[in-house]
Amino acid sequence: MIKDDIISYRKMCDIENVQTLQRGMNFRLNPNYSVILMSQRKNAPYTDQIIEDELKIIYEGHDIPKTKDIDNPKKYDQPLKTKTGKLTENGKFVESVNNYKKGKMPERIRVYEKIFPGVWSYRGLFNLIDYQHIISEDRKVFRFELKLTEHEIDETILLKQRSRIIPTEVKMEVWKRDGGKCVICKATDELHFDHDIPYSKGGSSITVENVKILCARHNLSKSDKIE
Ligand SMILES: [Zn+2]
């Protein structure tokens, strides 16, 4: 799996070897890493942001669950522990940051971003490096800071030098226009957002016009021809 791969919800669950992914925060979903699901869509329940040219993500912690007594979780502080005293996902993320600051390895986190219902884009492997506990609209929330792992930073800088970072708004438009299919063969699996402007032409800004959806086969056959 590489950055900007488009995958269905089902495929995402298969990759992570789970039946369902219901929660946004999944600490140690795998023995080696955690998984978060993020969204920058307008009606998203949390404020998540990708910043610094995709090198960092600010990820909002999650609210207490809705229950009979709690009809609006947004009125309550985001919890560090459950009623029975166990760490919540926020709590586990915070603990992990504290351990990192004491010299342990940072928690590795795979990040998936929702483009449309059922349609996800892989954003890469990140390190969980910091958090803030802040007041937002009269309650306390967590803001976790994730930084792209070294290996992927190299790749992203390379992509950036080639002006190949595709903004989320563009991905959403392209997905709608191309109907979620490879524009050549109409395949609906193993899809990738493909940038049309070759590096040699300096490929300036990324717009809906120069991005399209290609399946793995056509993505490969295309790169065979270049250079
Ligand atoms: Zn195709």
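Residues numbered from 1 in each chain as written. Predicted model: local features only at pLDDT ≥ 70, side-chain atom pairs only at ≥ 80, totals over all residues.

**Re the overall build of the chain**
For the record, the criterion: Here a helix means four or more residues in a row that DSSP labels H or I, a strand means two or more in a row labelled E, and each is numbered from the N terminus. Two residues qualify as a contact pair if the distance between their C-beta atoms, derived from the backbone, is within 7 Å.
From N to C terminus, the chain includes 5 helices and 10 strands. Across the chain, contacts joining residues at least 24 apart in sequence account for 54% of those joining residues at least 6 apart.

**Examining the nonpolar core**
Stated precisely, the cut-off is as follows: To define a nonpolar core, we join buried Ala, Val, Leu, Ile, Met, Phe, Trp, Tyr and Cys residues through C-beta atoms within 7 Å and take the resulting set. Working definition of burial: number of other C-beta atoms within 10 Å of the residue's own, with buried at 20 or more, exposed at 12 or fewer, and partly exposed in between, all C-beta atoms being placed from the backbone. Boundary definitions for the domains trace back to an automatic or database domain assignment.
Judged by nonpolar contacts, the single largest core of 37 residues is most densely connected at Ile36, Ile57, Ile109, Val111, Phe144 and Leu146. If you tally residues by element for this core, the top one is strand S8 (residues 139-148), at 5 residues. When residues are assigned to domains, this core turns out to be shared by domain 1 (5-161) and domain 2 (168-225), each giving three or more.

**With respect to helix H4 (residues 168-178)**
Because each turn of an α-helix spans 3.6 residues, side chains separated by three or four positions in sequence point in the same direction. The test is simple: It is the directions from the helix axis to the C-beta atoms that the arc portrays.
Of the residues making up H4, those classed as buried are Lys171, Val174 and Trp175. Down the axis of H4, the sector holding all buried residues measures 105 degrees, keeping them to one side. Summarising the geometry of H4, the exposed residues directed more than 90 degrees from the buried face are Glu169 and Lys176. Buried residues belonging to H4 abut strand S6 (107-116), strand S7 (119-136), strand S9 (191-195) and strand S10 (211-215). Trailing H4 by a residue or two, Gly179 shows a phi angle of about 65 degrees, which is positive.

**Details of the pairing of S10**
Put simply, the test is: What makes two strands pair is DSSP finding at least two bridges between them.
A large share of S10 lies buried, amounting to 4 of its 5 residues. As paired elements, S9 and S10 share 5 bridges and run antiparallel to each other. Bridge assignment links Asp194 to a residue of S10, and that residue is Lys212.

**Notes on the confidence of the model for the chain**
The line we're drawing: You can read pLDDT as the predictor saying how much it trusts each residue, on a scale of 0 to 100.
Summarising the model, the chain shows a mean pLDDT of 87, and 87% of its residues fall at 70 or more. The least confident element of the chain, judged by mean pLDDT, is helix H3 (residues 150-161) at 66; the most confident is helix H2 (residues 89-101) at 98.

**Description of unusual backbone geometry**
The backbone of Arg28 shows a phi angle near 45 degrees, a positive value even though the residue is not glycine. Tracing the chain through its elements places Arg28 in strand S2 (residues 25-30). Here the phi dihedral of Lys186 falls at roughly 70 degrees; this positive angle occurs in a residue that is not glycine. Position of Lys186 relative to the elements: it lies in the loop between H4 and S9.

**Some details on the environment of Tyr100**
Here Tyr100 lies in helix H2. Of the residues examined, Tyr100 has 16 C-beta atoms within 10 Å and is grouped as partly exposed. Residues Tyr100 and Asp130, 30 residues apart in the sequence, show an inter-C-alpha distance of 8.7 Å. Among residues more than four places away in sequence, those in contact with Tyr100 are Pro106 and Ile129.

**Quick notes on H2**
Note the following rule: Multiply 1.5 Å by the residue count of a helix minus one, and that product is the helix's expected span.
Along its 13 residues, H2 runs 19 Å from first to last C-alpha, staying within 8% of the 18 Å computed at 1.5 Å per residue. Taken residue by residue, H2 has Asn90, Phe93 and Ser96 as its buried positions. End-on, the buried residues of H2 take up no more than an arc of 130 degrees, which puts them together on one face. Those residues of H2 that are buried lie in contact with S2, S6, S7 and S8.

**Structural notes on the environment of Ile134**
Among the structural elements, Ile134 can be located in strand S7. The exposure class assigned to Ile134 is exposed, which follows from the 10 C-beta atoms found within 10 Å. Spatially, the C-alpha atoms of Ile134 and Asp77 are 10.0 Å apart, while their sequence positions differ by 57 residues.

**A word on the environment of Met1**
For Met1, the position within the fold is in the segment before strand S1 (5-8). In sequence terms Met1 and Glu190 are 189 residues apart; their C-alpha atoms lie 9.8 Å from each other. Apart from the residues within four sequence positions on either side, Met1 is in contact with Ile15 and Tyr122.

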